[in-house]
Each structure stands twice: as C-alpha cells, then as structure tokens.
Amino acid sequence: MSSQKKVKRTKTQGDEKNTSNSAASVQVPVVDSFLLEEEEAEKGDAVQELNMFKNNCIKIREHAKEILKLKKTKESEEELTKHRILASILFTDLKKLNRLDKHRCKNARDAVNEVKQKVDNLHLQLQNLMYEVIHLQKEVTKCLEFRSKDEEIDLVPEEEFFSEAPEAITKPLMLVQEENTKEKHRLTLARLEWELEQRKRLAEKLKETENMKQIYQQEIEKKKECLDNLKPRLKTILEATEPLHEELGIPLQATQPHHKGTEFLPRPLYVLYVQAFAYKEVYDKQLEVKMEGNVEEARALQTTTQENTEEDSGESDQEDVPRVKHRRRPSAKGTESVPPPKKVLTRHPLTVRIVVPTSDGAALVLQFSFLTVLHIVTVKVKLTQLHTTGGIAASEILKQDTLLKYLFPEDSGEILPNPANLYQLRKEGIEDIHQIIEEAGYPYHWVQRVAGLEFLFVPNYVHSHMTPKINTSTSSSHMDQTIKAIRSRLSARLSLYKLLLSLEQLNVPVLPEIAAFYPPKVIAKLKEWSKIPWSDIKEKEDCVELLELGVISEEWMSFRTVVERGSATLWALVLVPPNYPERASLFLLSLDWKQLRTSRTDKALQELEYEINTSVVNFIPQKVRYNLLACQLHHLLAGFDVYLETDPDATEGPKEFSQGKIFLRIARGRDRRRPYKYVAKLGLFTHR
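Predicted, not measured: the structure shown is a model, and the values here were computed from it.

Visitor: What exactly am I supposed to notice about the overall build of the protein chain here?
Guide: Scanning the protein chain from terminus to terminus reveals 21 helices and 13 strands. Of the roughly 44,200 Å² of accessible surface on the protein chain, 54% is carried by carbon and sulfur atoms.

Visitor: Hey, could you run me through the pattern of salt bridges in this one?
Guide: Side-chain pairs of opposite charge can arise where the charged atoms are in close proximity. Counting across every chain of the model gives 24 salt bridges. Residue Arg 199 is joined to Glu 195 by a salt bridge in which the shortest nitrogen-to-oxygen separation is 3.2 Å. Within this pair, Arg 199 and its partner Glu 195 are both found in helix α8 (residues 185-248), separated by four residues, close to a single helical turn. Taking the relative accessible area as the measure of exposure, Arg 199 reaches 45% and is therefore partly exposed. The residue Asp 284 makes a salt bridge to Arg 487 at a minimum N-O spacing of 2.6 Å. Here Asp 284, found in the loop between α9 (267-282) and β1 (288-293), pairs with Arg 487, found in helix α18 (residues 472-504); they are 203 residues apart in sequence, far enough to count as distant.

Visitor: Explanation requested: helix α21 (residues 628-645) in the structure shown.
Guide: Structurally, the α-helix is built with 3.6 residues per turn, so residues lying three or four positions apart point the same way. In a regular helix each residue adds 1.5 Å, so 18 residues correspond to 26 Å; α21 covers 26 Å between its end C-alpha atoms and thus fits that length. The buried fraction of α21 amounts to 18 of the 18 residues, a majority that puts the element mostly inside the structure.

Visitor: Help me understand the sheet that holds strand β9 (residues 568-576), please; the structure alone is not making it clear to me.
Guide: The strands making up a sheet are joined through hydrogen bonds of the backbone, oriented either antiparallel or parallel. Taken in spatial order, the five strands of this open sheet run β7-β8-β9-β10-β11, and their pairing is antiparallel. What marks the edges here is a single partner per strand, and that holds for β7 (525-531) and β11 (595-598). For this sheet, the mean inter-axis angle between neighbouring strands, taken without regard to orientation, is 20°. Here strand β8 (residues 557-565) runs beside β9; their pairing, made up of nine bridges, is antiparallel. In the strand pairing of β9, Val 563 is matched with Leu 570. Set on the sheet, α21 makes contact with β7, β8, β9, β10 (586-593) and β11; between it and β10 the angle comes to about 30°.

Visitor: Explanation requested: the pairing of β9 in the structure shown.
Guide: In the case of a regular strand, side chains alternate between the two sheet surfaces. In terms of burial, β9 is a largely internal element, eight of the nine residues being buried. Between the end of β8 and the start of β9, which pair antiparallel, lie two residues, with Gly 566 showing a positive phi angle near 65°. By the bridge criterion, seven bridges tie β9 to β10 in an arrangement that is antiparallel. Paired with Leu 575 across the strands is Leu 586, a residue of β10.

Visitor: Explain the nonpolar core to me, please; I cannot follow it from the model alone.
Guide: Considering soluble globular proteins, one finds that nonpolar side chains tend to be buried as a cluster. Judged by nonpolar contacts, the single largest core of 94 residues is most densely connected at Ile 354, Leu 364 and Phe 368. The greatest single-element share of this core, amounting to 12 residues, is contributed by α18. The next biggest cluster of nonpolar side chains, apart from the first, holds 12 residues, and it includes Leu 371, Ile 376, Leu 416 and Ala 440.

Visitor: Is there a simple way to think about the packing of helix α3 (residues 46-73) against helix α4 (residues 77-145) in this case?
Guide: Two packed helices can be described by the angle between their axes and the distance between those axes. Relative to each other, α3 and α4 sit at 155°, their axes nearing to 9 Å. Between α3 and α4, the crossing angle belongs to the class labelled roughly antiparallel. When the axes of α3 and α4 are compared, the crossing they make is left-handed. Among the residues forming the contact of α3 with α4, the class breakdown is 15 nonpolar, three polar and eight charged.

Visitor: Which parts of the structure should I look at to understand the packing of α9 against α18?
Guide: At a minimum axis separation of 10 Å, α9 and α18 run at an interaxial angle of 55°. Considering their axes alone, α9 and α18 lie oblique with respect to each other. Seen along the crossing, α9 lies across α18 with a hand that is right-handed. Residue-level contacts link Arg 267, Val 271, Leu 272, Gln 275, Ala 276 and Tyr 279 of α9 to Thr 472, Ser 475, Ser 476, Met 479, Asp 480, Ile 483 and Lys 484 of α18. For the contact of α9 with α18, a count of residues per class yields six nonpolar, four polar and three charged.

Visitor: When you look at the sheet that holds strand β3 (residues 363-371) in this model, what are you seeing that I'm missing?
Guide: Taking strand neighbours across the sheet as the criterion, the four strands line up as β1-β2-β3-β4 in an open arrangement whose pairing is antiparallel. Each end of this open sheet is capped by a strand with a single partner; those strands are β1 and β4 (376-384). In this sheet, adjacent strand axes meet at a mean angle of 25° when their direction is disregarded. Of the strand pairs in this sheet, β3 and β4 are connected by nine bridges, and their pairing is antiparallel. Bridging from a neighbouring strand, Phe 370 pairs with Val 377 of β4. The strands touched by α18 within the sheet are β2 (350-357), β3 and β4, with β2 carrying the most contacts at an inclination of about 55°.

Visitor: Please explain unusual backbone geometry as it appears in this structure.
Guide: When glycine is set aside, most residues are seen to have a negative phi, and most peptide bonds are trans. Omega for the peptide link from Tyr 580 to Pro 581 comes to 5°, which places this bond in the cis form. Following the sequence through the fold, Pro 581 ends up in the loop between β9 and β10. A positive phi angle, close to 60°, is found at His 375, a residue other than glycine. Looking at His 375, the relative accessible area reads 18%, which means it is buried. With a phi angle near 60°, Glu 410 is a residue other than glycine that sits in the positive phi range. Looking at the element boundaries, Glu 410 is found in the loop between α14 (400-403) and α15 (420-427). For Glu 410, a relative accessible area of 74% translates into the label exposed.

Visitor: It is not clear to me how the confidence of the model for the protein chain should be interpreted in this structure. Could you clarify?
Guide: Caution applies to low-pLDDT parts of the model: their predicted coordinates are not meant to be read in detail. In this model, the protein chain carries an average pLDDT of 78, and 80% of its residues clear a pLDDT of 70 or more. This model gives residues 1-24 a pLDDT under 50, and the stretch forms 19 contacts once residues within four places in sequence are excluded. Taken together, the stretch residues 244-258 has pLDDT below 50 and engages in 19 contacts with residues farther than four places along the chain or on a different chain.

Visitor: Quick question: what am I supposed to make of the environment of Tyr 270 here?
Guide: Its location among the elements puts Tyr 270 in helix α9. For Tyr 270, a relative accessible area of 2% translates into the label buried. Sequence separation between Tyr 270 and Thr 351 is 81 residues, and the spatial gap between their C-alpha atoms is 9.6 Å.

Visitor: Quick question: what am I supposed to make of a negative patch on the surface here?
Guide: On the surface, Glu 62, Glu 66, Glu 75, Glu 78 and Glu 79 cluster together into a patch of negative charge. Structurally, the position occupied by Glu 66 is in helix α3. With a relative accessible area of 35%, Glu 66 lands in the partly exposed category.

Visitor: Hey, could you run me through the packing of aromatic side chains in this one?
Guide: We describe a pair of aromatic rings using the distance from one ring centre to the other and the angle between the two ring planes. The full count for this structure, using the stated rule, is nine aromatic pairs. When the centroid spacing of 5.5 Å and the interplanar angle of 20° are considered together, the rings of Tyr 444 and Trp 446 count as stacked. The same class applies to Tyr 444 and to Trp 446, which are both buried. Note on Trp 529 and Phe 559: the rings are 5.4 Å apart at their centroids and 20° apart in plane angle, and the pair reads as stacked. A residue pair is termed long-range when its members are at least 10 positions apart, and Trp 529 in strand β7 and Phe 559 in strand β8 qualify at 30 residues. Phe 559 shares its class with Trp 529; the two are buried. Taken together through their ring pairs, the aromatic side chains of Tyr 442, Tyr 444 and Trp 446 make up a single cluster. Arg 449 extends its terminal NZ or CZ atom over the ring of Phe 408, reaching a point 5.6 Å from the ring centre. Cation over ring: Arg 674 sits above Tyr 643, and NZ or CZ is 4.9 Å from the ring centre.

What counts and how
- Residues numbered from 1 in each chain as written.
- Predicted model: local features only at pLDDT ≥ 70, side-chain atom pairs only at ≥ 80, totals over all residues.
- Heavy atoms only, no water.
- Helix = DSSP H or I, 4+ residues; strand = E, 2+ residues; numbered from the N terminus.
- Areas by Shrake-Rupley, 256 points an atom, 1.4 Å probe, with all protein chains shown as cover.
- Salt bridge = Lys/Arg side-chain N within 4 Å of Asp/Glu carboxyl O.
- Buried < 20%, exposed > 50% of the residue type's maximum accessible area, 1.4 Å probe, protein only.
- Expected span 1.5 Å × (residues − 1).
- Pairing = 2+ DSSP bridges.
- Axes fitted to C-alpha atoms, helices over the stretch in contact; angles between N-to-C directions.
- Contact = heavy atoms within 4.5 Å.
- Core = buried A, V, L, I, M, F, W, Y, C linked by side-chain atoms within 4.5 Å.
- Parallel < 35°, antiparallel > 145°, perpendicular 65-115°, else oblique.
- Left-handed = near helix turned anticlockwise from the far one by under 90°.
- Nonpolar A, V, L, I, M, F, W, Y, C, P; charged D, E, K, R; others polar.
- pLDDT = per-residue confidence, 0-100.
- Patch = residues over 30% accessible without salt bridge, like charges linked within 9 Å, V, L, I, M, F, W, Y side chains within 5 Å.
- Lys, Arg positive; Asp, Glu negative; His and termini not counted.
- Charge placed at Lys NZ, Arg CZ, Asp CG, Glu CD.
- Phe/Tyr/Trp six-rings, centres within 6.5 Å; stacked < 30°, edge-to-face > 60°.
- Lys NZ or Arg CZ within 6 Å of the ring centre and 35° of its normal.

Below, the structure is given as structure tokens:
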C-alpha cells in the first residue's frame, strides 16, 4: 500500500542555487520518506519510542522553563536562542514519533481486518457445510424411506396363488421351483399379474354395485320428497281443527304424540319435550328425555286456570262498558290477582329433564322449569357420575354456574330474555337477577329458543300479563345446534379438567396429536401451576387495559404458572375464557433473569407472547382444538428455550445456556426478531 502513495521528492539547498545553471545541474536521488517511516515503524520498538516520547516531553518542559527564566532576567540572547532551537528539535522528534505511531496503528488495523475477513470466510464455509449436511440428511432419509410399489401390495399367499391361479400362469413356475428354488423374481411377477387380474374383476363388480346404490338413492330421495310434501298438509289439517278443539275444551296436545301426563305440561315445556324426544329418536339414541314433577298439582293448576279464563270471559261478555274501562275497574278480584313478593318466581309443578351422556360415563343433567308469572323457561345444570380425583384449580371449571355460560355469543344467562320481566320484578321489589338464578336456574336465551318462545316487546305498554309467542319451528330449528353445542362444551370442559389435573402435578402431557408440532427435547420445566382469584390480578396494569378494551371480563378463569431453566424464571398469567376452546386462552408474560423484564419492556418477550396467543391458534388443526391450552404451554416451554439460547448477552462472558437446538439464523431484521417457529420436518427453528 505504501508504494501507491505519492512520492515526496526533496531538494537540497545546493540544488536551489544551481537551478539557473541547467548545464551544471546535478540530479538528486528520489527518497520515499513514507516508505522509510513505515519500515522504521515495523522494525522499531513501541516501548522504546514511548520512553523517548516521555523524555522529550520532560526536556521540552525544562527548555520552556529556561526560556521563561531567561526572558525574565533578560540575559544573553544566545542562550535563549539555543534553548529555542533545542526545543524545536524536540518538537520535530515528537512529530516523527506521532507519525510512527500512526503507521503502527494503521498496520494493526490492517492486520485485524485481514483476520476478520478470514473468520468471515470460515463462517461462510461453515454455513455452506451446514446446508450441505441438511441436504444430505434429507437425501439419506428419502433413500431409507423409499419403498417400492410392489411392497405396498398385500399379495395372496403362495399356496393360495398356486391353488386358485390358472395353470397357464402356475405351471411354468412349478417347473422353475423344481429346477431352481432361488429364482423368486418370476414368481413375484406372476403373482402381481394375478393380483392385477383379480383387481380388474373387483373394479367391475364395484362399478355395478355403485350403479345399484345410485338407483336406491334416487328412490329414497323420491320418498323423502313425498314425506316432506305431506308435512305442510298435516299442518294445515291441524290448524283447521284447532278451533274445534278449543270449542270442545280438548287440549291440542292430546292430539299429538306424547307420553302419559305430558298434556298437563305448559306449552313451552311441552314444545321443548316433543322436540327433544324427536331429536332423540332421529339423531341421538343415547339422549334421555323425561318429564318429572307432580301431575296432580299440574292437573289442578290447569283446571283452575281454565275456570278463571271462563269466568273472565263470562264477565267480559256481560260488561257493556268499553274495554278500556273494563281494564281499569277496581275490584277485589283484581287485587287478589296481583302476585305477592316471591310469587313472581313461582314455577310450574312439572319439569322436563334432559340427560346428555358422555363417552367416559359422565352425564350432564339439564332440568328445565317454567315460571308461570314471568312466562320464561329456566334451566339448572348438574354434572353427575364424574369420578373426580381432586384438584382445586381443576374443579372450578365444572361448576354449575360456569359450565354453560356463553354457550352462544353474548349469552351469559344473567340477562332476562323478556324485557317485560324487568318491570314485573321491579314491581315486586326484586332488583337482582341472581335471586331468580338461585331459585329457578339460568334463563339463557338459547333455553327460550329451544322452548319455542319468541318475545314481543312494545315500548310504553308493558304489563305483567303479556305472554310471549310460542313457535314450534323456532324450537325445531335450534334444537339440533343447541344439543351439539352442549356436547361440544361438555367435551371441551372434561378435556380441560384432565389437563388441569395433570398441570397441578407439574406435568404437561405430550399428546400424540400435537407431539409432531414441537421438538422432542425441551429443557425448560414447569415448576408451578395454581389458580389465583380474580381480585389479585384485576388491579394489574395489563389486565386493567384489557378490561377497558373489553378483551377479557371477570368471568374468565385465572391461573398462574412458573417455568424455570437455570437461573431464569418465567412467570405467566394464564386467562381462560368461559367459551374455551372457541376462544383461545390469553398468556401475559414476565421474566426474572439478570433483571426484571416484561412484554412491555422486552421486545423478544413480547414476540414470544404474541406467538403463544396468536400464532399457535392459527396453525393448530381443528381436530386438536380441545388441546389448545396444552399446545400453548408446549409452545411456551420451547419458546423459552429459544429465548435463552438466542439471547445476545449470552455471547459475552461464560455461556449459561448451551445451544441445544438448531437455528437457521439467531436474529433477523432491525428489531432482531427471534426464531420461534419450529419446522418439524427439518428439526430446526426459523422466523415467521
């Protein structure tokens, strides 16, 4: 590099004098001062030059003191000039030492850059070798897993082949067997040929069978169409005969299929009973539907109601005053009809009981009641025949008051379905709906739909005697999806119950359905899993913001888990929604390692939190949806290992967490994102 510098040419004083005389000029040899100084810097001793620099500085100070002293005393100028010259020479030496130091620093930088370039080349070669190793491993795996097509065919045994195949195929092979028992290739080809011929025959037979199946299906469709056409005709006949039944005082229910005593059920419970029984007969034979209660009390109540209706009707016929005045007439009878407090919650003596069994022997019992004053249907839920094995946190999810909450969106069971009920309850001094829930059960909106109730609300005209419309088509259209939703919720809660029992034993189950999505070796361990009350977390900053945004509510179940690896401790607040797994659980993370970190202060921890709450939910198949919380916990453990093994601080000083996983790149992008995505086929982690 020194050869590329400009050459500094020097001229002597004699050259300057003789420039005018070109004939007598003498050429001065060219001197590359930079090259000389570079050579001197390479050969010189830095320590010796440092000592020389210090000595020169000391001498310059001494000359400066002498010069100052001579100026004050005003002594001889010769001595003053002498000190000035010596000091100037020392300054020149300092400049030279400075240039030598610059040359030496430049050489050091060049040497460092050269070594860094070699390291970069070696690292690039290492990356290339790793890619080649991965490629070779894939090729080796393909070779080991290669199977020929004939190996997949389940051929008939040789004895059966020789006994059933025609002689044209078997006779030459029998001669071959007698002459040479080692020749198996021709035997295999012959067996494959016979297999092909058999499969062609079976294919023809299958085609004929499918044609017959299609003919039968067409006949079935015609019969179904005929039956569907009969349904509106029967409905028309039933509607035409309804006035006749009312005139004769015969209940309309008595003309429909029912069991003994069901004619005394109130109309909503009767509709629910008939639709549930029909669903059982057609779709679900395991469903249990029955009527319970005192039939005699129901008969007496029905008789009293009919008599009151006839009496009111007779009185209204005798009245000649306008209808508005009839409503306002003050009478003792009208005063007695106002229900006293608590009577507004009166239930009908008969109830409908539906039992939904599960595959593991447990059963969900639904007890439906009808409130005669409020004209709504309520349900009480009970889970029976479940053999619990303890677990404080796990038992919370099977409680009656949370088991069917939010079975459908925005249906918590704590909002009255009939707006008129608000005025009825306030009139009787009842302000809390939980009083209804404790005595009669939850008035879910889906309960009203399966009972065929449709509520009509007219503003500014709400009275206690307003009754809703009952539509059997509403019950029929909602029965199927309601039973399916109840079964799905029950299966989800039982799966969650088993998972929480395992987590309380500090064991994250590795289910076969999700094992392929995560690495086989995870070093981080679960150290704690416990339930915490909502009052302990609702004041936290993260939870306050989520509550204000409406993301979570106080009906969510709250747990705390602790994950450890070495000196690092990860805390996770786990919030499980009541409609899990339709909605995923929410994880809020904080880490204690070298310092306290949260997802607000640590970008990598925030990225891990996003992976658990969002990315896991997106790539998990629907068939393992019941195990969504287990998937999130596996992702938390594996992601915690990735977080610690890819931490940039781990490159300085002794490394606490050894790299036990393969990463294509440790970080990517300006925000240095971590490789949390696991590629199961390659066995490595990469970025999303």
